[in-house]
Amino acid sequence: MEAMPAKDVIADALNTTTLKQQLYQSQKVYKRRTWLLVAPLLLFILVSFVVPIASVLMKSVANPEIRAGLPTLTAMLSRWDGASLPDEATFQALVSDLRLARANGQIASVAKRLSYESPAYRSLIMHTLRAAPDAQSGTRAALIEALPQWGDVTVWRSVQRASRPLTSYYALAVFDRKVDIRTGQITHLPEGQALYVDVLLRTLLMAAVVTLICVALGYPLAYWLAKQPAGRANLLMIMVLLPFWTSLIVRTASWIVLLQSGGLINGALLHTGIIDKPLVLVFNRVGVYIAMTHILLPFIVLPLYAVMKGISPNYMRAAISLGAHPFTAFWRVYVPQTYAGVAAGGLLVFIMAIGYYITPALLGGPGDQMLSYFVAFFTNTTMNWGMAAALGSQLLIIVILLYIVYLRVTRTQAELAAH
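Residues numbered from 1 in each chain as written. Predicted model: local features only at pLDDT ≥ 70, side-chain atom pairs only at ≥ 80, totals over all residues. Heavy atoms only, no water.

Draft legend 1. Inspection of the overall build of the protein chain at higher detail. The secondary structure content of the protein chain amounts to 20 helices and two strands. Relative to the compact-globule value of 22 Å for 419 residues, the protein chain shows a C-alpha radius of gyration of 32 Å, a clear excess of over 25%. Across the 419 residues of the protein chain, 34% fall into the buried class. If you take every contact in the protein chain between residues at least 6 apart in sequence, the share linking residues at least 24 apart comes to 69%. Summing over all exposed atoms, the protein chain offers an accessible surface of approximately 24400 Å²; the carbon and sulfur share of this is 67%. Computed over 33 positive and 19 negative side-chain charges, the separation of the two mean positions in the protein chain equals 11 Å. (Helix = DSSP H or I, 4+ residues; strand = E, 2+ residues; numbered from the N terminus. Rg over C-alpha atoms; globule rule 2.2 N^0.38 Å. Buried < 20%, exposed > 50% of the residue type's maximum accessible area, 1.4 Å probe, protein only. Contact = heavy atoms within 4.5 Å. Areas by Shrake-Rupley, 256 points an atom, 1.4 Å probe, with all protein chains shown as cover. Lys, Arg positive; Asp, Glu negative; His and termini not counted. Charge placed at Lys NZ, Arg CZ, Asp CG, Glu CD.)

Draft legend 2. The arrangement of the packing of aromatic side chains in detail. As enumerated under the stated definition, the model contains 15 aromatic pairs in all. Judged by centre distance (6.2 Å) and plane angle (75°), the ring pair of Y116 and Y170 falls under edge-to-face. Of the two residues, Y116 sits in helix α5 (residues 107-117) while Y170 sits in helix α9 (residues 169-173), which places them 54 residues apart along the sequence. The pair formed by Y116 and Y170 is uniform in burial state, with each residue classed as buried. (Phe/Tyr/Trp six-rings, centres within 6.5 Å; stacked < 30°, edge-to-face > 60°.)

Draft legend 3. Seen up close, the packing of helix α11 (residues 230-241) against helix α14 (residues 285-309). Relative to each other, α11 and α14 sit at 155°, their axes nearing to 10 Å. Accordingly, the angle class assigned to the pair α11 and α14 is roughly antiparallel. Here α11 runs over α14; the crossing is left-handed. Across the interface between the two elements, A233, M237, V240 and L241 of α11 pack against P298, V301, L302 and Y305 of α14. Residue classes in the contact of α11 with α14 are distributed as eight nonpolar, no polar and no charged. (Axes fitted to C-alpha atoms, helices over the stretch in contact; angles between N-to-C directions. Parallel < 35°, antiparallel > 145°, perpendicular 65-115°, else oblique. Left-handed = near helix turned anticlockwise from the far one by under 90°. Nonpolar A, V, L, I, M, F, W, Y, C, P; charged D, E, K, R; others polar.)

Draft legend 4. Inspection of the environment of L201 at higher detail. In this structure, L201 sits in helix α10 (residues 196-226). Counting along the chain gives 170 residues from L201 to L371, while the straight-line C-alpha distance between them is 9.3 Å.

Draft legend 5. Quick peek at the nonpolar core. Residues M292 and L296 are the most contacted members of the largest nonpolar core, which totals 58 residues. Top element by residues in this core is α14. It accounts for 12 residues. Beyond its immediate chain neighbours, meaning those up to four positions away, L296 contacts V210, C214, V349, M352, A353 and Y356. Membership of the second largest hydrophobic core comes to 27 residues, among which are W80, I107, L124 and L129. (Core = buried A, V, L, I, M, F, W, Y, C linked by side-chain atoms within 4.5 Å.)

Draft legend 6. Structural context of the packing of α10 against helix α19 (residues 371-380). It is the contact of α10 with α19, at a shortest axis distance of 8 Å, that shows an interaxial angle of 130°. With respect to their mutual orientation, α10 and α19 come out oblique. Residue-level inspection shows Y196, V199, L200 and T203 of α10 in contact with α19, the latter providing L371, F374 and F378. Its residues assigned to classes, the contact of α10 with α19 shows six nonpolar, one polar and no charged.

Draft legend 7. Quick look at the side chain of Q394. With respect to the helices and strands, Q394 occurs in helix α20 (residues 385-418). Leave out the neighbours within four places in its chain, and Q394 touches V174, F175, L200 and L371.

Draft legend 8. Geometry of the side chain of D368. Structurally, D368 is set in the loop between α18 (358-363) and α19. A polar contact is formed between the side chain of D368 and the backbone nitrogen of G365, at a distance of 2.9 Å. If sequence neighbours within four positions are ignored, D368 has contacts with R202, M206, F283, N284, R285 and P360. (Polar contact = N/O pair within 3.5 Å; in protein donor to acceptor, adjacent residues only side chain to side chain.)

Draft legend 9. Seen up close, the pattern of salt bridges. Overall, the coordinates contain three salt bridges when judged by the stated rule. The shortest N-O distance in the salt bridge between R113 and E117 comes to 3.2 Å. Taken together, the positions of R113 and E117, both in helix α5 and four residues apart, correspond to about one turn of that helix. According to the relative accessible area criterion, R113 is buried, its value standing at 1%. Here E117 falls in the buried class, since its relative accessible area comes to 12%. (Salt bridge = Lys/Arg side-chain N within 4 Å of Asp/Glu carboxyl O.)

Draft legend 10. Focus on helix α16 (residues 326-334). Those residues of α16 not exposed but buried are A329, F330 and Y334. Relative to the axis of α16, the buried residues are bounded by an arc of 100° and lie together on one face. Facing away from the buried side of α16, by more than 90 degrees, are the exposed residues F327, W331 and R332. In the core, the buried residues of α16 are packed alongside α10, α14 and α15 (314-321). (Arc of directions from axis to C-beta.)

Pasting the structure below:
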């Protein structure tokens, strides 16, 4: 075979290099255009989603009350060793800062923040200015004589801990933990004060029950819809989506009318003789389950219907023609192909259920309130943004963990299907 001249080899190499450069430049321009197209959406997500969530997360560890209300005392306590009582200058800084905080309307927030460390600290702060002498000298002795708590090093350690820029108080409180004011160790809250772990478990339990009910009802409904002709299926799907056209509050209030003792359901059961006295179906967990299932059921029907519509009936026919029982063919051939829809719909329903507030608040009793109820309580009633943010962070962490589990499950299923 005759060898190519050297100049032809060089020309081919140059042409190949030029082609690669042109391809690289075109890909670079394509990527730049793609980023420019999605930049407005990314900016919108950043401004309306990421930044608010980050600010909420920061509120769960932020500790601004003491630093803003008692700035001089905060600076002096940052240099205090915590071993012995502070000196006279620190006591004078306490009094002067409290007087300034009272003038600026900040003394209530200071007392409220310190009451988180110990309920007795609220009255201690409120009575300090009454016991403080008018003269600058002798402040330490006068305060300790009038309010012996100021002579306890533990109180000053609590004030020092509360004056730090970041705090673990809210993050510990939502798990029924606190820092012991005597030892500085993390301890359990007393049994009468422990609340939020039970609320979290209740929230997860109620969301799981609603999710299972939705799967049990939504799976056969989606299967039936997928087997209908296109025109009839579209009409029936409109009926499934009909609840979306009604306000959530209106739907919840309607269930109160239906489920109450003199409502339509109890009236029909009494009229037919099935029951002798009205059933208690409202203001308890039964009513919450019924209303939440009604509201969330379409969210699992839609992904299941989309998956089932794409499954060819030939798989079932082939399994039955090979001797499999119809139920065995359905369970071992058809159902595994719908796992993606079940996982997506179940995850969507569960995530929405753990954040429900209106339905449990209107239809449930005191023992049926979920985590979002307490988020609203701390936000709107007590204005405790730290606790509200910490409870909201719990929900956010749960959602992220569920999403990670979902990604791993779907990835494993995809790998198994590929093999």
